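Here is how the chains run, residue by residue.
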Amino acid sequence: MNGRVLRILAMLLAAAVLAASSSFAEGLKVAVIDVNKVMNESEAGKAARKKMEDRYEELKKKIDARSEEARKMKEEMDKQKILLGKEKLKEREDALNAKVAELRQLTQEAEKEMQNRQGELTREVLKIVERQWEKVVEQEKIDLLLERGSGVVHSNSSLDITSKVLDLVNKEKPGGK
């Protein structure tokens, strides 16, 4: 009898918890946003990506030019290997090694610059996106905003504010609010 009473009390307690949580959830306004979509499709995101691509091309040209110099030095040295004395050959090998080391350092600096620049540009665009989603959250009195890429498996399309935020981001003037 005691066990039966405990089971009944446990079921009543569980029912009360479910009722309380469902009534709380009824008043909770939830929305979903796809931040990656906004970042990739917004004018600000596209402009940031264009800046990255342009800088990448500049750095690539510089690296390619240095690489071509090193290749030519190597070819020239290989052609004249027999004609050059040991000292001249050693000088050219040292010069080639220095050129290769310079090229390696230039490549590492370029990679680091690109990583830093990408981080900066991403943060700038994300600040714009955050400002705009905050406006939508405030206007629509949203209690909980979930990011689509962070564990949201499914949501009703009526909960998605991505296009609203994207429109606001595209309307925002650079550096403005």
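Given the structure is predicted, the values throughout are model-derived calculations rather than measurements. (Residues numbered from 1 in each chain as written. Predicted model: local features only at pLDDT ≥ 70, side-chain atom pairs only at ≥ 80, totals over all residues. Heavy atoms only, no water.)

Visitor: I tried to follow the overall build of the protein on my own but got confused; where do I start?
Guide: Broken down by element type, the protein carries 5 helices and 2 strands. Ordering the α and β elements of the protein from the N terminus gives α-β-α-α-α-β-α. A burial count over the protein gives 22% of its 177 residues as buried. A separation threshold of at least 6 residues defines the contact pool for the protein, and within that pool the share at least 24 residues apart is 82%. Of the roughly 13100 Å² that the protein leaves accessible, carbon and sulfur atoms contribute 55%. (Helix = DSSP H or I, 4+ residues; strand = E, 2+ residues; numbered from the N terminus. Buried < 20%, exposed > 50% of the residue type's maximum accessible area, 1.4 Å probe, protein only. Contact = heavy atoms within 4.5 Å. Areas by Shrake-Rupley, 256 points an atom, 1.4 Å probe, with all protein chains shown as cover.)

Visitor: Is there a simple way to explain helix H5 (residues 162–171) in this structure?
Guide: Note: α-helices contain 3.6 residues per turn, so residues at a spacing of three or four share the same orientation. Among the residues of H5, those classed as buried are Thr162, Val165, Leu166 and Val169. Summarising the axial view, the buried residues of H5 lie within an arc of 100°, below the 170-degree limit, and thus occupy one face. (Arc of directions from axis to C-beta.)

Visitor: Sorry, what's going on with the nonpolar core here?
Guide: Within soluble globular proteins, side chains that are nonpolar tend to cluster in buried spots. Counting residues in each nonpolar core, the largest one holds 23 residues, and the members touching the most others are Val38, Val129, Ile161, Val165 and Val169. Of all elements in the fold, only strand E1 (30–33), helix H2 (35–41), helix H3 (43–80), helix H4 (86–140) and H5 reach the threshold of two or more residues within this core. Per-element accounting of this core gives the leading share, 9 residues, to H4. In this view, Val129 contacts Val38, Met39, Val165 and Val169; residues no more than four positions away in its chain are not counted. The next biggest cluster of nonpolar side chains, apart from the first, holds 5 residues, and it includes Met77, Leu84, Leu89 and Leu96. (Core = buried A, V, L, I, M, F, W, Y, C linked by side-chain atoms within 4.5 Å.)

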